Amino acid sequence: MLLSLVALWTPAITAAIHYLLVGTFSTNSIYTLSFDDETNQLTGLANMSTPVGSSWLTLSKDKRTLYGTAWDVQPAAFVSYAVEDEGLTLTHQATVLAGGGCTGSAIFVLSAADPPYTVYGNLYYRDARCGTVFSTDPSTGALVGGGGGDTGIVQNYTYELPGSAVHGMTWSPAIANVVYSADTGGNAIWTHSRDKDTGALTPVDKLVLPVDEQGGHCGPRHIAVHRQGLYMYVVCEASSKIIQLWLDSDEFMTPHATDNEWPLLRSGDDAADFWADEVLMSASGDFMWASNRARDSSRQGYVSVFALRFDGEVAAQMFLQETATSGGFANAIAPSPFDDRVAALTENVTGSVEIWRMADDNQSASVVAHLDIPDGGGCCANVVWYS
Ligand SMILES: *[C@@H]1O[C@H](CO)[C@@H](O)[C@H](O)[C@H]1NC(C)=O
Ligand SMILES: *[C@@H]1O[C@H](CO)[C@@H](O)[C@H](O)[C@H]1NC(C)=O
Ligand SMILES: *[C@@H]1O[C@H](CO)[C@@H](O)[C@H](O)[C@H]1NC(C)=O
Ligand SMILES: *[C@@H]1O[C@H](CO)[C@@H](O)[C@H](O)[C@H]1NC(C)=O
């Protein structure tokens, strides 16, 4: 009886300290930070040397393995690290080349939410049509291969549209083994089904997005799907908008265009001066955070928050606020897993991570913590919240 009481009480104690991992573009470090959500203290705890810089990092579902792009390396490759001590210790496991013979650079990596825990790598720039499905070691999560001999690649597949280059992938939160890809170069959203035994992908749909009267493309960069599985939101890098798609009730929940869109620009801004970056759901899915970045490093980017209805429809775009810098290659917003109102923002103009907190009335946000990580333009790419 006493034991079960203790077990009941434990979850009520909310941790005030959260850990974050931060990647870099062209320097070889991963930084571990802590954030105290009561005092708003953001602290740099560790600077870990890595064999490569990672423009994108993601954790395995069990958080024991960190996967990254080897962004600055040719031919394109992906890396994995064993994660210990809440992210304070990383041990490099493997660097594995992408398959398929394309000439693009590693840009994005996604780990599977279900077994087998395969990892998906995307390329960008030059010939970037190739997607790679990597196998992982069941006991360590490590990418398999890299040491010569047997390759751990499960599948090499391609996105076949003129200029195809996928910058982001997202699992369906509503059905298992369906994954969506944002094909920036092909101006399309792809739907693939995943083989539950091998992890290999089969294309089931591609939605080429509408082009406006002026010939403007969306250039889909990243995708967020609301937990109810009725709506998908796409951040358009080319037109600096968020567009809404509705998801079919068919077997694969394929997306369809709607007329609903929201600008990530202020009136008078020219979309050509920006390249919108991110869209992600908040912890509960009641809000959606998005960010834009300016091409000229003397300009400023934007952060925007949308309130969503229960079914995932946008109720309102709450605000669009300027960021301190253009964002450089980043201005990547990362909603926290513990509070809808808290998100982290990276930029590599001066090299910093900020914590943004939305006001109680949901009408604005403020920067509650700022940490400079100046390492010569490498930091900071994206943030992964470890806890
Ligand atoms: C994937 O491509 C790589 C290199 O292009 C090749 O070595 C490997 O055999 C391919 N694997 C599969 C499963 O097709
Ligand atoms: C802000 O958002 C929360 C969560 O959806 C909601 O409960 C609250 O009513 C909102 N506040 C205002 C002033 O709209
Ligand atoms: C992290 O360490 C590397 C050397 O290992 C160094 O070049 C870099 O400047 C350090 N980062 C910061 C922010 O001090
Ligand atoms: C940000 O990173 C990109 C990619 O490595 C680099 O080209 C750019 O110069 C960096 N920004 C600054 C201000 O150093």
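Owing to the predicted nature of the structure, the values given are computational and were not obtained by experimental measurement.

Enquirer: How should the pattern of salt bridges be read in this particular structure?
Expert: A side chain of one charge can pair with a side chain of the opposite charge if their charged atoms are brought near each other. Summed over all chains, the structure comprises 13 salt bridges. Linking arginine 129 and glutamate 160 is a salt bridge whose minimum nitrogen-to-oxygen distance equals 3.7 Å. Taken as a pair, arginine 129 in the loop between strand E9 (119–124) and strand E10 (130–134) and glutamate 160 in the loop between strand E11 (153–158) and strand E12 (166–171) lie far apart in primary sequence, 31 residues in all. With relative accessibility at 48%, the residue glutamate 160 sits in the partly exposed group. Of the charged contacts in the structure, one is a salt bridge between arginine 293 and aspartate 277, with a shortest N-O distance of 3.4 Å. Here aspartate 277 lies in the loop between strand E19 (255–263) and strand E20 (278–281) and arginine 293 lies in the loop between strand E21 (287–292) and strand E22 (302–308), a separation of 16 residues in the sequence. Residue classification places arginine 293 among the buried positions, given a relative accessible area of 2%. For aspartate 277, a relative accessible area of 2% translates into the label buried. Shared partners join several salt bridges into a network, and the residues in it are Arg221, Glu237, Asp277 and Arg293.

Enquirer: How should I be thinking about the state of the cysteines in this particular structure?
Expert: Any covalent bond linking the sulfur atoms of two cysteines counts as a disulfide. Under the defined criterion, the tally for this structure stands at three disulfides. With a sulfur-sulfur separation of 2.2 Å, cysteine 218 is cross-linked through a disulfide to cysteine 236. Measuring the twist about the S-S bond at about -90°, one finds the cysteine 218-cysteine 236 disulfide to be left-handed. Placement of cysteine 218 in the loop between strand E15 (201–208) and strand E16 (220–225) and of cysteine 236 in strand E17 (residues 231–236) is noted, with a sequence separation of 18 residues between them. Exposure class is identical for cysteine 218 and cysteine 236. Each is buried. Disulfide connectivity for the chain, with bonded cysteines indexed by sequence position, reads 1-2, 3-4, 5-6.

Enquirer: Could you clarify how one ought to interpret the nonpolar core in this entry?
Expert: Side chains of a nonpolar character, in soluble globular proteins, are inclined to be buried together. Phe78, Leu110, Tyr120, Leu123, Leu143, Met169 and Leu201 are the most contacted members of the largest nonpolar core, which totals 38 residues. Among the elements that line this core, the one with the most residues is strand E8 (residues 105–111), at five residues. Ignoring any residue separated from it by four or fewer positions in sequence, one finds leucine 201 in contact with Tyr120, Val133, Gln155, Tyr157, Met169, Val179, His192, Ser193 and Arg194. Formed by 20 residues, the second largest nonpolar core is a distinct cluster that contains Leu265, Met281, Ala290 and Tyr302.

Enquirer: Got a minute to help me understand the packing of aromatic side chains in this structure?
Expert: Two descriptors summarise a pair of aromatic rings, namely the distance from one centre to the other and the angle between the planes of the rings. What the rule picks out here adds up to 16 aromatic pairs. Considering the side-chain rings of phenylalanine 25 and tryptophan 71, the 5.7 Å spacing of their centres and the 65° angle between planes classify their relative orientation as edge-to-face. Taken together, the residues span a long stretch of sequence, with phenylalanine 25 in the loop between strand E1 (17–24) and strand E2 (29–36) and tryptophan 71 in the loop between strand E5 (65–70) and strand E6 (77–84) at a distance of 46 residues. Pairing tyrosine 159 with tryptophan 190 gives two aromatic rings, centres 5.4 Å apart and planes at 75°, and the pair type is edge-to-face. Taken together, the residues tyrosine 159 in the loop between E11 and E12 and tryptophan 190 in strand E14 (residues 188–194) connect sequence positions 31 residues apart. Over the ring of tyrosine 386 we find lysine 63, and its NZ or CZ is 5.4 Å from the ring centre. Cation over ring: arginine 293 sits above tryptophan 275, and NZ or CZ is 3.4 Å from the ring centre.

Enquirer: Could you clarify how one ought to interpret the site of ligand 3 in this entry?
Expert: Around ligand 3 lies a shell formed by Ser29, Tyr31, Asn47, Ser49, Ile373, Pro374 and Asp375. A distance of 2.8 Å separates a nitrogen atom of ligand 3 from a polar atom in the side chain of tyrosine 31. Within the side chain of serine 49, a nitrogen or oxygen atom sits 3.3 Å from an oxygen atom of ligand 3. Relative to its free-state accessible area of 360 Å², ligand 3 is covered by the protein chains to the extent of 47%. Of all elements in the fold, only E2 and strand E3 (42–49) reach the threshold of two or more residues within the shell around ligand 3. Within the shell around ligand 3, the residues separate by chemical class into three nonpolar, three polar and one charged.

Calculation rules
Residues numbered from 1 in each chain as written. Chains lettered and ligands numbered in written order. Predicted model: local features only at pLDDT ≥ 70, side-chain atom pairs only at ≥ 80, totals over all residues. Heavy atoms only, no water. Salt bridge = Lys/Arg side-chain N within 4 Å of Asp/Glu carboxyl O. Helix = DSSP H or I, 4+ residues; strand = E, 2+ residues; numbered from the N terminus. Buried < 20%, exposed > 50% of the residue type's maximum accessible area, 1.4 Å probe, protein only. Disulfide = S-S within 2.5 Å. Core = buried A, V, L, I, M, F, W, Y, C linked by side-chain atoms within 4.5 Å. Contact = heavy atoms within 4.5 Å. Phe/Tyr/Trp six-rings, centres within 6.5 Å; stacked < 30°, edge-to-face > 60°. Lys NZ or Arg CZ within 6 Å of the ring centre and 35° of its normal. Near = heavy atom within 4 Å. Polar contact = N/O pair within 3.5 Å; in protein donor to acceptor, adjacent residues only side chain to side chain. Areas by Shrake-Rupley, 256 points an atom, 1.4 Å probe, with all protein chains shown as cover. Nonpolar A, V, L, I, M, F, W, Y, C, P; charged D, E, K, R; others polar.

On their own, these measurements won't tell you what the molecule is for.
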